[in-house]
Amino acid sequence: GHPVDVAMVEKSDEGLFFIDREGHREALGGAEVVVIEDVSTTGKSTRQVCALAESYGAKVTAVGSVWNRGGVSLKDLMLDEDEVLLFSLIDEQLEDWAANQCPLCADAVPIATDLGHGTKFQAVHPDYLGGFTTLR
């Protein structure tokens, strides 16, 4: 029975978060908000989005992600566990490897460029032996 306002946070090519859509910044003033992420790995982006929302007068009451793949906690997000709910649909940690120890690279598995950071990888490693593909 309560109206739900939405504020869309976007990310610049430089990695900075901003709110540019008309009325979205104003919707945050005095609002209790839920911050939703697709994938949480370290919590850095989520923390930045929470800080941005707070800078416009919002109070973060919950943080959710589709996949918490890094075991991100409220402590990682610098949020009070007595005041903020943390939830995810999938809470499963994935192993990370140093670039020179990656078993997928060693097996020359193709890198998808239409999801995640594949295009960034391609820009830095254009001669990657596994090649590049798209998944969509």
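Heads up: the structure comes first, above all this text.
What counts and how
Residues numbered from 1 in each chain as written. Predicted model: local features only at pLDDT ≥ 70, side-chain atom pairs only at ≥ 80, totals over all residues. Heavy atoms only, no water. Helix = DSSP H or I, 4+ residues; strand = E, 2+ residues; numbered from the N terminus. Expected span 1.5 Å × (residues − 1). Buried < 20%, exposed > 50% of the residue type's maximum accessible area, 1.4 Å probe, protein only. Contact = heavy atoms within 4.5 Å. Patch = residues over 30% accessible without salt bridge, like charges linked within 9 Å, V, L, I, M, F, W, Y side chains within 5 Å. Areas by Shrake-Rupley, 256 points an atom, 1.4 Å probe, with all protein chains shown as cover. Salt bridge = Lys/Arg side-chain N within 4 Å of Asp/Glu carboxyl O. Polar contact = N/O pair within 3.5 Å; in protein donor to acceptor, adjacent residues only side chain to side chain. Pairing = 2+ DSSP bridges. Right-handed = clockwise from strand over helix to strand, strands pointing away.

Caption draft 1: Expanded view of helix α2 (residues 44–55). Taking 1.5 Å per residue as the helical rise, α2 with its 12 residues ought to reach 16 Å, and the 16 Å between its terminal C-alpha atoms agrees with that figure. For α2, the full list of buried residues reads T46, R47, V49, C50, L52 and A53. Close packing links the buried residues of α2 with β2 (17–18), α1 (24–28), β3 (32–40) and β4 (59–68). Phi for G57, located one or two positions after α2, is positive at around 95°.

Caption draft 2: How the structure looks around a nonpolar patch on the surface. On the surface, a cluster of nonpolar side chains totalling about 380 Å² of accessible area is made up of V34, I36, L85 and F87. If you list the elements that add at least two residues to the nonpolar patch, you get β3 and β5 (85–90). By the secondary structure assignment, V34 is in strand β3.

Caption draft 3: How the structure looks around the side chain of H24. One can find H24 in helix α1. The buried category is assigned to H24, whose relative accessible area is 16%. Only 2.8 Å separates the side chain of H24 from the backbone nitrogen of M8, close enough to count as a polar contact. For H24, the residues in contact, after removing those within four places along its chain, are V6, A7, M8 and I19.

Caption draft 4: Region of the structure containing the pattern of salt bridges. Under the definition given, this model contains 3 salt bridges. Here E54 makes a salt bridge to R47, at a shortest N to O gap of 3.5 Å. A relative accessible area of 18% means that R47 is categorised as buried.

Caption draft 5: A look at the pairing of β4. Here 8 bridges tie β3 to β4, and the two strands are oriented parallel to one another. Looking at the pairing, S40 lines up with N68 of β4. For the segment spanning β3, α2 and β4, crossover handedness is right-handed. Pairing analysis gives 5 bridges linking β4 to β5, with the strands arranged parallel. Across the sheet, residue W67 finds its bridge partner in β5, namely I90.

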